[in-house]
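Remarks on the overall topology
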Amino acid sequence: GESVGLHLPTLSVQEGDNSIINCAYSNSASDYFIWYKQESGKGPQFIIDIRSNMDKRQGQRVTVLLNKTVKHLSLQIAATQPGDSAVYFCAENIEGNTGKLIFGQGTTLQVKP
Amino acid sequence: NAGVMQNPRHLVRRRGQEARLRCSPMKGHSHVYWYRQLPEEGLKFMVYLQKENIIDESGMPKERFSAEFPKEGPSILRIQQVVRGDSAAYFCASSRGRGNTEAFFGQGTRLTVV
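Report follows, based on the coordinates. Keep in mind it's a predicted model, so treat the numbers as computed, not measured.

1. So, the environment of Val114 of chain B
Residues and elements named next belong to chain B. Here Val114 shows up in the segment after β11 (109-113). Look at Val114 and you get partly exposed, because its relative accessible area is 39%. Spatially, the C-alpha atom of Val114 lies 4.8 Å from that of Arg14, the residues being 100 residues apart in sequence.

Pasting the structure below:
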């Protein structure tokens, strides 16, 4: 069954504020996690990834936090912009597995100007 | 450097017809994955292929669906005798290696069965 889930289906934030999107996973064997952004009518776009030997990784305006103790993953977007409005998915992969990703349901991020 | 190319972008088929979806991976990528996405849902894994080999088809329906990735040419996802429940967006992704490597997605093919 699905092992990745999201706490909030929709997140509405004000432009300029920080956004935090959460994800829970249940497969303790998962050791590679990815956040994707999907705009309407488009394919998922890679944002940032993290391996299980890390608990934090930063990119440009984005930070991913991994808490293996409670099997929780979060994506933080700093200074959210209207262009960040999209559906965000977390996905997990098990090393040595075939490479297939297990996706969560997605969180819709709405940025209010 | 072109990304993952999928065609057609939109496909309309009548019930009972066949649908053929094509995916050309990124240059240098030899691993292809197909996913299906229903409206308001996440992507569901269908099949993982390398050139001329099906590695993992655990997400493929047992009947009517097949996939291939020939030595030359794009990967093909084939759906025979389509039914309305097959209506979805089908995404292809490619990567350089097996697992734990970044997978890039195409823009998808939106299949509508009427």
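2. Describing the pattern of salt bridges
All names here are of chain B. In total, this model carries eight salt bridges over all chains according to the counting rule given. Put simply, Asp86 and Arg64 hold a salt bridge, and the shortest N to O gap is 2.7 Å. Pair noted here: Asp86 is in the loop between β8 (75-79) and β9 (88-95) and Arg64 is in the loop between β6 (53-56) and β7 (65-68), with a separation of 22 residues, a long-range link. Assessed through its relative accessible area of 3%, Asp86 is described here as buried. Judged by relative accessible area, which is 24%, Arg64 ranks as partly exposed. Bridged by salt links that share partners, the residues Glu18, Arg20 and Arg78 form one connected network.

3. A short note on the nonpolar core
Trp34, Met46, Leu77 and Tyr90 of chain B are the most contacted members of the largest nonpolar core, which totals 23 residues. Looking at this core, the elements with two or more residues in it are β3 (19-24), β4 (31-37), β5 (43-50), β7, β8, β9 and β11 of chain B. Setting aside residues up to four positions removed in sequence, Tyr90 of chain B forms contacts with Gln6, Leu21, Tyr35, Arg36, Met46, Phe65, Leu77, Ile79, Gly108, Thr109 and Leu111 of chain B. Val13, Leu73, Ile77 and Ala86 of chain A belong to the second-largest nonpolar core, a separate cluster that totals 20 residues.

4. Examining the side chain of Ser30 of chain A
Residues and elements named next belong to chain A. Within the secondary structure, Ser30 is located in the loop between β3 (19-25) and β4 (32-38). Given a relative accessible area of 5%, Ser30 falls into the buried group. Those residues in contact with Ser30 that sit more than four places away from it in its chain are Ser52, Glu92, Asn93 and Ile94.

Parameters at a glance
Residues numbered from 1 in each chain as written. Chains lettered and ligands numbered in written order. Predicted model: local features only at pLDDT ≥ 70, side-chain atom pairs only at ≥ 80, totals over all residues. Heavy atoms only, no water. Helix = DSSP H or I, 4+ residues; strand = E, 2+ residues; numbered from the N terminus. Buried < 20%, exposed > 50% of the residue type's maximum accessible area, 1.4 Å probe, protein only. Salt bridge = Lys/Arg side-chain N within 4 Å of Asp/Glu carboxyl O. Core = buried A, V, L, I, M, F, W, Y, C linked by side-chain atoms within 4.5 Å. Contact = heavy atoms within 4.5 Å.

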